[in-house]
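Next come the chains, spelled out residue by residue.
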Amino acid sequence: MNTLVNTEKLIVKQKFEALEALANAAANAVDMDALGNLGEIANKYQVLTDDGGDKFRVVEQSDYCGLTGRCCCNPNHELKLHVYAPDEVSHKDAVMVFDRPCKC
């Protein structure tokens, strides 16, 4: 993991997803927070160095909804994070994969 040599701090920024925000806003408007989970989609993150350099891209892969999905088991749902080099566009060669099983 030579890419982290001489890196003192990493900054993680989550990509804004309009569909997810719209679903949450609609659920809040009708006072039904559980409906907001239906808009949940896979999160994407950008990992930067403290000087703004692009270090990694992270893509979440998890079950979105259902009996064992994000709606029922949040925040203990299954989660898999694929970490890619910033210039990797094919999503084939992950640098790291973090895998957390469902804890419902």
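Residues numbered from 1 in each chain as written. Predicted model: local features only at pLDDT ≥ 70, side-chain atom pairs only at ≥ 80, totals over all residues. Heavy atoms only, no water.

A. Local environment of the overall build of the protein chain. From N to C terminus, the protein chain includes 3 helices and 5 strands. When the helices and strands of the protein chain are listed from N to C terminus, the series reads β-α-α-β-β-α-β-β. A total of 104 residues make up the protein chain; the buried ones form 27% of that total. In the protein chain, once contacts between residues fewer than 6 apart in sequence are set aside, the share between residues at least 24 apart is 47%. Put simply, the protein chain shows about 7000 Å² of open surface, and 54% of that area lies on carbon and sulfur atoms. (Helix = DSSP H or I, 4+ residues; strand = E, 2+ residues; numbered from the N terminus. Buried < 20%, exposed > 50% of the residue type's maximum accessible area, 1.4 Å probe, protein only. Contact = heavy atoms within 4.5 Å. Areas by Shrake-Rupley, 256 points an atom, 1.4 Å probe, with all protein chains shown as cover.)

B. Layout of the pattern of salt bridges. According to the stated counting rule, one finds 1 salt bridge in the structure shown. Note that Lys 80 is salt-bridged to Asp 99, the shortest N-O span being 4.0 Å. Here Asp 99 lies in strand β5 (residues 96-100) and Lys 80 lies in strand β4 (residues 79-84), a separation of 19 residues in the sequence. (Salt bridge = Lys/Arg side-chain N within 4 Å of Asp/Glu carboxyl O.)

C. Spotlight on the side chain of His 82. Relative to the helices and strands, His 82 resides in strand β4. For His 82, the contacting residues outside a window of four places in its chain are Arg 57, Val 58, Val 59, Gln 61, Ala 94, Met 96 and Val 97.

D. Looking closely at the environment of Val 12. Locating Val 12 in the fold gives a position in strand β1 (residues 10-14). Val 12 sits in the exposed class, given a relative accessible area of 55%. Among residues more than four places away in sequence, those in contact with Val 12 are Tyr 45, Gln 46 and Val 47.

E. Representation of the environment of Pro 101 within the structure. Within the element layout of this structure, Pro 101 appears in the segment after β5. In this structure Pro 101 comes out as partly exposed when scored by relative accessible area, which is 46%. Spatially, the C-alpha atoms of Pro 101 and Leu 79 are 6.5 Å apart, while their sequence positions differ by 22 residues. The residues contacting Pro 101, other than those within four sequence positions of it, are Asn 76, His 77 and Glu 78.

F. Up close: the sheet that holds strand β2 (residues 44-49). Spatially, β1-β2-β3-β4-β5 is the arrangement adopted by the 5 strands of the open sheet, whose pairing is antiparallel. This sheet does not close on itself; its edge strands, each paired only once, are β1 and β5. For this sheet, the mean angle separating the axes of adjacent strands, direction not counted, is 20 degrees. In this sheet, β5 lies alongside β4 in antiparallel orientation, the contact comprising 5 bridges. Within β5, the position partnered with Lys 80 by the bridge is Asp 99. (Pairing = 2+ DSSP bridges. Axes fitted to C-alpha atoms, helices over the stretch in contact; angles between N-to-C directions.)

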